[in-house]
Amino acid sequence: MSAVLPFARPASRRLALLGTGTVGTAFVQRYQSLQSRGIDLPQFSWLANSRTARACGQQPAQALQHANDAARDVPVLQPWAEAEGLQRGDVVVDATASDDVANWHEQWLARGVHVVTANKLGQGAQLARAQAITDSGQGGGAHYGDSATVGAGLPLLSSLRGLVAGGDRIHRVEGVLSGSLAWLFHHYDGQRPFSDWVREAAAAGYTEPDPRVDLSGEDVRRKLLILARASGIALRAEQVQVTSLVPAALAALPTAAAIEQLSLLDAPLHAQWEQAREQGGCLRFIGGFDAEGATVGLRIIPRDHPLAGGAQTDNRVAIHSDRYNAQPLLIQGPGAGADITAAALLDDVLTITRAR
Ligand SMILES: NC(=O)c1ccc[n+]([C@@H]2O[C@H](COP(=O)([O-])OP(=O)(O)OC[C@H]3O[C@@H](n4cnc5c(N)ncnc54)[C@H](OP(=O)(O)O)[C@@H]3O)[C@@H](O)[C@H]2O)c1
């Protein structure tokens, strides 16, 4: 049986996981799958959620089970924040959506602890925090693996950083950055009410438990901030003009009541669908930035527009730069889902452990 912290400190590099939900569970499964194929991985030392922390021993899946079985009516625990919890050279994986955990990224990096994250609140929230993370990583020699934060591991951030490192200036980036909103606007046909499609997307696990989180555009704002900052642009959250799909009356309701009242979405969305049909275009929820500013919202685009294609939960991003001037570099692929997000996290872990 897995033991509750504290536990003895081993000599080798350790791996720790924060967050044992959808992504954390997929991470443990992939870790074990890669391990069974003989891939050299760092020792999985411990995992934690907001209630408990568990040493893993040889059995991370068992520790995961114990962590997820832990009682819910306890105060939020932060054993991972203790100074001796993580040492220089260790790798901590953040699979939470917690602002408190994101607040630790900078300090871990400054201590030489590598951080790998699916949590967008490190680089996708306050500019000061994002800059502190970048500075700490450069100063402390630790690596920040963030490829899971946008596009669930699609080569978006690496492409932007590669272009900038090669001397290109990024002129404009725009894209369909939300898997759930991509799915909704690939399916919405103006016939069935939009709220029906939202319920179907929620049942399939494509949306957050409260779909307003996706429909508000806030998630896309965070992704856009991460992309802009990776392009060397110090974009602030308040500089992104977000047009939410959620009417004020729906935004004001508590979650359970809002889910009952999703039909408040239907009339305004149908009107926009009708407008798109009249123009011979289609609706896509797009985030983009250029020298003029940054916007997030629903747009009517021609059916042959670079961002109109794709299917299901595909993300699709167009990068315009010095070298991709006449035609953008297009990156497309599944951009949501626990398994591909977990794979992106483990890719980053392996990149770190093989290089250092
Ligand atoms: N799901 C996807 O397809 C997907 C794709 C890309 C990125 N992401 C990102 O991945 C992250 C995780 O998503 P998810 O779907 O796995 O969420 P989730 O199922 O809600 O799991 C979140 C986990 O974080 C833990 N947690 C919360 N606060 C914590 C704290 N202070 N200390 C330690 N653990 C804490 C929770 O603990 P409890 O169990 O105790 O509540 C829970 O285990 C999010 O940032 C999300 O945006 C998700």
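Here the structure is a predicted model, which is why all the values come from computation and not from measurement.

## A few points about the sheet that holds strand 7 (residues 170–176)
1) Next: In spatial order, the strands read 8-10-9-7-11-12; together these six strands make up an open sheet with mixed pairing. This sheet does not close on itself; its edge strands, each paired only once, are strand 8 (240–242) and strand 12 (329–334). Across the sheet, the mean angle from the axis of one strand to that of its neighbour is 25°, orientation sign disregarded.
2) Next: Note that strand 11 (residues 314–321) and strand 12 share six bridges and pair antiparallel. By the bridge assignment for strand 12, Ala-318 is matched with Leu-330.

## Considering empty space enclosed by the protein
1) Next: Tallied over the full model, the rule gives one cavity of 30 Å³ or more.
2) Next: Estimated volume of the largest cavity: approximately 40 Å³.
3) Next: As for the largest cavity, its lining consists of Val-176, Ala-182, His-186, Arg-284, Leu-307, Gly-309, Gly-310, Asp-314 and Arg-316.
4) Next: Those elements that provide at least two residues to the lining of the largest cavity are helix 7 (179–187) and strand 11.
5) Next: Considering only residue class, the lining of the largest cavity consists of three nonpolar, three polar and three charged.

## Quick look at the site of the ligand
1) Next: In the neighbourhood of the ligand, 22 residues make up the surrounding shell, with Thr-20, Val-23, Ser-50, Arg-51 and Thr-96 lying closest.
2) Next: In this structure, an oxygen atom belonging to the ligand sits 3.3 Å away from a main-chain N or O atom of Gly-21.
3) Next: In isolation the ligand exposes 900 Å². Once the protein is present, 76% of that is buried.
4) Next: Here the ligand is seated within the largest pocket.
5) Next: In terms of residue class, the shell around the ligand is built from eight nonpolar, eleven polar and three charged.

## As for the pairing of strand 2 (residues 43–48)
1) Next: Strand 2 sits mainly inside the fold: five of its six residues count as buried.
2) Next: Across five bridges, strand 1 (residues 14–18) lies against strand 2 in parallel orientation. If you follow Arg-14 over to strand 2, its bridge partner there is Gln-43.
3) Next: You can see the chain leave strand 1, run along helix 1 (residues 22–36) and come back into strand 2, and the turn it takes is right-handed.
4) Next: Across three bridges, the pairing between strand 2 and strand 3 (residues 53–55) is antiparallel. From the neighbouring strand, Trp-46 faces strand 3, where its bridge partner is Ala-55.
5) Next: Following strand 2, the chain reverses through four residues before pairing antiparallel with strand 3.

## Things to note about the nonpolar core
1) Next: With 46 residues, the main nonpolar core has Leu-184, Phe-185, Phe-194, Leu-215 and Leu-227 as its most contacted residues.
2) Next: When residues in this core are grouped by element, the largest group, seven residues, is from helix 10 (residues 218–230).
3) Next: What Leu-227 contacts, discounting residues up to four positions off in sequence, is Val-150, Leu-156, Leu-157, Leu-160, Val-173, Leu-177 and Phe-289.
4) Next: In terms of nonpolar packing, the next biggest core, distinct from the first, is built from 29 residues, Ala-26, Tyr-31, Ala-67 and Val-93 among them.

Parameters and conventions
Numbering of residues starts from 1 in each chain and follows the order in which that chain's sequence is written. It should be noted that, the model being predicted, local features are given only for residues of pLDDT at least 70 and side-chain atom pairs only at 80 or more, the latter also being counted only at that level, while totals for whole chains, interfaces and linings use all residues. Working from all heavy atoms in the structure, the side-chain values ignore hydrogens and water. Any two strands between which DSSP finds at least two bridges are classified as paired. Secondary structure elements are defined from DSSP: runs of H or I of at least 4 residues count as helices, runs of E of at least 2 residues count as strands, and each element is numbered from the N terminus. In this analysis, axes come from line fits to C-alpha atoms, helices being fitted only over the stretch in contact, and the angle between any two N-to-C directions falls in the range 0 to 180 degrees. Cavity means a closed set of points on a 1 Å grid over the protein atoms alone, one where a 1.4 Å probe fits but cannot get out, pocket means an open set with protein on both sides within 12 Å along at least 5 of 7 lines, and lining means a residue has an atom within 4 Å of a point. Grid points are joined across faces, edges and corners, and a volume is the space filled by probe spheres set on the points. Polar here means any residue other than Ala, Val, Leu, Ile, Met, Phe, Trp, Tyr, Cys and Pro, which are nonpolar, and Asp, Glu, Lys and Arg, which are charged; Gly is therefore polar. Near residues are defined by distance, with any heavy atom within 4 Å of the molecule or strand qualifying the residue. Pairs of N or O atoms are called polar contacts if they sit within 3.5 Å, as long as, within protein, a hydrogen donor faces a hydrogen acceptor (for residues adjacent in sequence, only side-chain-to-side-chain pairs). The method behind every accessible area is Shrake-Rupley, applied with a 1.4 Å probe, and residues are considered shielded solely by the protein chains displayed. Any molecule with more than half of its atoms within 2 Å of a cavity's or pocket's grid points is counted as sitting in it. Residue exposure (1.4 Å probe, protein chains only): buried if accessible area is under 20% of the type maximum, exposed if over 50%, otherwise partly exposed. Clockwise travel from the first strand over the helix to the second, with the strands pointing away from the viewer, marks a crossover as right-handed. Side-chain atoms within 4.5 Å are what join buried Ala, Val, Leu, Ile, Met, Phe, Trp, Tyr and Cys residues into a set we call a nonpolar core. Any two residues whose heavy atoms approach within 4.5 Å at even a single point are treated as in contact.

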